[in-house]
Amino acid sequence: RLVHNVLPVTLTERGLTAAAEDLVDRLSIPAALDTDLDDDALSSTTTHTAYFIIAEALANTVKHSRASWVRVTLHAEAGRLHLTICDDGIGGADVDRSTGLRGLLDRVDALGGRLQLRSEPGHGTEVKVELPCA
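Residues numbered from 1 in each chain as written. Predicted model: local features only at pLDDT ≥ 70, side-chain atom pairs only at ≥ 80, totals over all residues. Heavy atoms only, no water.

Residues and numbers for the sheet that holds strand β1 (residues 31-35), please.
The strand order across the open sheet formed by 5 strands is β1-β2-β3-β5-β4, and the pairing between neighbours is mixed. Looking at which strands have only one partner, the edges of the open sheet turn out to be β1 and β4 (114-118). In this sheet, neighbouring strand axes are inclined to one another by 10 degrees on average, regardless of whether the strands run parallel or antiparallel. Here strand β3 (residues 80-87) runs beside strand β5 (residues 125-132); their pairing, made up of 8 bridges, is antiparallel. The residue of β5 that forms the bridge with Thr84 is Lys128. Relative to the sheet, helix α3 (residues 16-25) contacts β1, β2 (70-77) and β3, its axis offset from that of β1 by approximately 165 degrees. Contacting β4 and β5, helix α5 (residues 99-110) runs over the sheet at an angle of about 150 degrees to β4. (Pairing = 2+ DSSP bridges. Helix = DSSP H or I, 4+ residues; strand = E, 2+ residues; numbered from the N terminus. Axes fitted to C-alpha atoms, helices over the stretch in contact; angles between N-to-C directions. Contact = heavy atoms within 4.5 Å.)

Right, here's the structure in full:
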């Protein structure tokens, strides 16, 4: 079970799109996945990092946001993977007060990517991440 949680079979056998779809389908709130991603264009490091980001952001949404919906968007452009997770929850997320969000930022930084967090109280949360595809 530990190995599955760290590196699920769906991710290794079918790619990021299928693994993200699996995460979205398991949520207890309505969720959508929008993607036109070509999984073959991503390095395994980017794939694994993106999966972890999606899983952590969705877990935070379910645990803390009181959202009635969440949406995950994945697309690649100009050699960069663009990943967005947004919800209609209570907002108020803060990288400086959350070890989970701090861990996401550290992972993104390690790959030379960018993470933007918008989470005004009462206006939901949006996590935008950009990672190199290769």
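Here the narrative resumes, following the displayed structure.
Account for the side chain of Thr125, with residues named and values stated.
Summarising the element assignment, Thr125 is placed in strand β5. According to the relative accessible area criterion, Thr125 is buried, its value standing at 11%. Here Thr125 is in contact with Ile85, Cys86, Asp87, Gly91, Ala93, Leu117, Arg118 and Ser119, once residues within four sequence places are set aside. (Buried < 20%, exposed > 50% of the residue type's maximum accessible area, 1.4 Å probe, protein only.)

Which residues make up the pattern of salt bridges, and what values go with them?
In this structure the tally under the stated criterion is 7 salt bridges. If you follow the salt bridges from partner to partner, you end up with Arg80, Arg114 and Glu130 in one network. (Salt bridge = Lys/Arg side-chain N within 4 Å of Asp/Glu carboxyl O.)

Go over α3 with me, naming the residues and quoting the values.
With 7 of 10 residues buried, α3 is to be regarded as a mostly interior element. Within the sequence span of α3, burial applies to Leu16, Thr17, Ala18, Ala19, Ala20, Leu23 and Val24. The inward-facing, buried residues of α3 contact α2 (9-14), β1, α4 (44-65), β2 and β3.

Can you explain the packing of α3 against α4? Please cite residues and give values.
Closest axis-to-axis distance for the α3/α4 pair is 10 Å, and the angle between their directions is 10 degrees. Comparing their axes, α4 and α3 come out roughly parallel. Contacts between α3 and α4 pair Leu16, Ala19, Ala20, Leu23 and Val24 from the former with Thr47, Ala50, Tyr51, Ile54, Ala55 and Leu58 from the latter. (Parallel < 35°, antiparallel > 145°, perpendicular 65-115°, else oblique.)

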